[in-house]
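Coordinates in review
What follows is the residue order along each chain.
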Amino acid sequence: MNTTSSASQQVIALYTDLALHPHKDFGWDKGIENARSHGYKEEWIKQLPIELWDYCAAVGNPFTLGEFPAGSTVLDLGCGAGVDVCVAALLVGESGKVIGVDITPLMVQTARRHANDAGLNNVEVVEAGLEALPFDDESVDIIISNGAINLTPSKEKVFSEAFRVLRAGGKLYFADMIKRSDVKTSVCSSQDSWADCVAGTLEEACLLAQIIGARFSEAQCVGHTHYTTSASTIGATFRAVKKR
Ligand SMILES: C[S@@+](CC[C@H](N)C(=O)[O-])C[C@H]1O[C@@H](n2cnc3c(N)ncnc32)[C@H](O)[C@@H]1O
């Protein structure tokens, strides 16, 4: 089995388990206190169903990285149970649209249920891999992601797909796990677990090089978060622009 399909199978198995058992201890922070720790606003917490927040596996807060103007179309890569999809839907309003994409079928169903329970009519959730997005060229204004891109061995494809579907002037705002450059680790093999936000992490400079390699401009790591998934990883936020 190649690394990509082995990684996908591990990801689907772990995130199906999370969709079924949101209160289970997976060894990393999640839930409403995780959302609060990243500065998710109380007004969002109050407006959205309380059950939604149990699933918050955020490693940072993409909503601190730029504006989300009313009427925008937002795409969330690896949306999980739909926390960021629902927050984005509140921000862009009924004149905007939010599309979530995830590879784990039960997460897709869970995100659809949460958007429906929240009474959000401007949300669509699609089952697909981030490496081949089923969307037209230049069809979205803002791409967000939270703790998902590290989970694919094909990050170049993810950034090139993100670039393709963004409109000129569109923004990429995401949080993800990165490898700490000050901690020595062994090279990961295809046998390592890809689902736990450790094996697939890259160092900051390497991730930035991939974003720039996909033709994004103004790529920057905005900062690190308190989130960890192992002694060798840390959460970080990134932003970049598709120049006009
Ligand atoms: C750590 S969870 C984060 C979920 C959500 N963004 C949040 O903040 O709660 C990562 C999600 O990315 C999805 N994912 C991982 N690799 C993917 C891929 N290659 N294509 C699509 N989704 C993927 C998983 O199924 C999972 O739901």
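Cut-offs and rules
- Residue positions are given per chain, counting from 1 as you read along its sequence in written order.
- Whole-chain, interface and lining totals are the exception, using all residues; otherwise, since this is a predicted model, local features are given only for residues with pLDDT of at least 70 and side-chain atom pairs are given and counted only at 80 or more.
- Side-chain numbers here rest on the full set of heavy atoms in the structure, without hydrogens or water.
- In this text, helices come from DSSP runs of H or I with a minimum length of four residues, and strands from runs of E with a minimum of two, each type numbered from the N-terminal end.
- Under this definition, polar contacts are N or O atom pairs within 3.5 Å; protein pairs additionally need one hydrogen-donor-capable and one acceptor-capable atom, and for neighbouring residues in sequence, both atoms have to be side-chain atoms.
- Any two residues whose heavy atoms approach within 4.5 Å are treated as being in contact.
- Note on terminology: near, applied to a residue and a molecule or strand, indicates that one of the residue's heavy atoms is within 4 Å of it.
- Working definition of accessibility: Shrake-Rupley area with a 1.4 Å probe, residue cover restricted to the visible protein chains.
- Here the term cavity refers to a set of points on a 1 Å grid, laid over the protein atoms alone, in which a 1.4 Å probe fits but cannot get out; the term pocket refers to an open set having protein on both sides within 12 Å along at least five of seven lines, with lining residues being those that place an atom within 4 Å of a point.
- Put plainly, a molecule is in a cavity or pocket when over half of its atoms are within 2 Å of the grid points there.
- When residues are sorted by character, Ala, Val, Leu, Ile, Met, Phe, Trp, Tyr, Cys and Pro go into the nonpolar class, Asp, Glu, Lys and Arg into the charged class, and all the rest, Gly among them, into the polar class.
- Between 30 and 60 degrees the pair is tilted, below 30 it is stacked and above 60 it is edge-to-face, where a pair is any two Phe, Tyr or Trp rings, Trp via its six-membered ring, whose centres lie within 6.5 Å.
- Partly exposed residues are those whose accessible area sits between 20% and 50% of the maximum for their type, while under 20% is buried and over 50% is exposed, using a 1.4 Å probe and protein chains only.

1. Brief notes about the side chain of Glu 161
Topologically, Glu 161 is positioned in helix α6 (residues 155-165). Within polar-contact distance, the side chain of Glu 161 engages the backbone nitrogen of Leu 133 at 2.7 Å. Excluding anything up to four places from it in sequence, Glu 161 contacts Leu 130, Glu 131, Ala 132 and Leu 133.

2. What to know about the site of the ligand
Neighbouring the ligand are 22 residues, the closest being Ala 57, Gly 78, Asp 102, Thr 104 and Glu 131. One nitrogen or oxygen atom from the main chain of Ala 57 is found 3.0 Å from an oxygen atom belonging to the ligand. Between Asp 102 and the ligand, the recorded distance is 2.6 Å, taken from a side-chain N or O atom to an oxygen atom. Taking 600 Å² as the accessible area of the ligand by itself, protein coverage stands at 97%. The site holding the ligand turns out to be the largest cavity. Across the shell around the ligand, the residue classes break down as 13 nonpolar, 7 polar and 2 charged.

3. A word on the packing of aromatic side chains
Going through the model one piece at a time under the given rule, you end up with 11 aromatic pairs. Arranged with centres 6.0 Å apart and planes meeting at 75°, the rings of Tyr 40 and Trp 53 form a pair that is edge-to-face. Here Trp 53 lies in the loop between α3 (42-47) and β1 (73-77) and Tyr 40 lies in the loop between α2 (32-37) and α3, a separation of 13 residues in the sequence. For the pair formed by Tyr 40 and Trp 53, the shared burial category is buried. Seen in terms of ring centroids, Trp 44 and Phe 63 are 5.5 Å apart; in terms of plane orientation they differ by 70°. Their pairing is edge-to-face. Of this pair, Trp 44 sits in helix α3 while Phe 63 is found in the loop between α3 and β1, placing the two residues 19 residues apart along the sequence. Here the two residues Trp 44 and Phe 63 agree in accessibility, since each one is buried.

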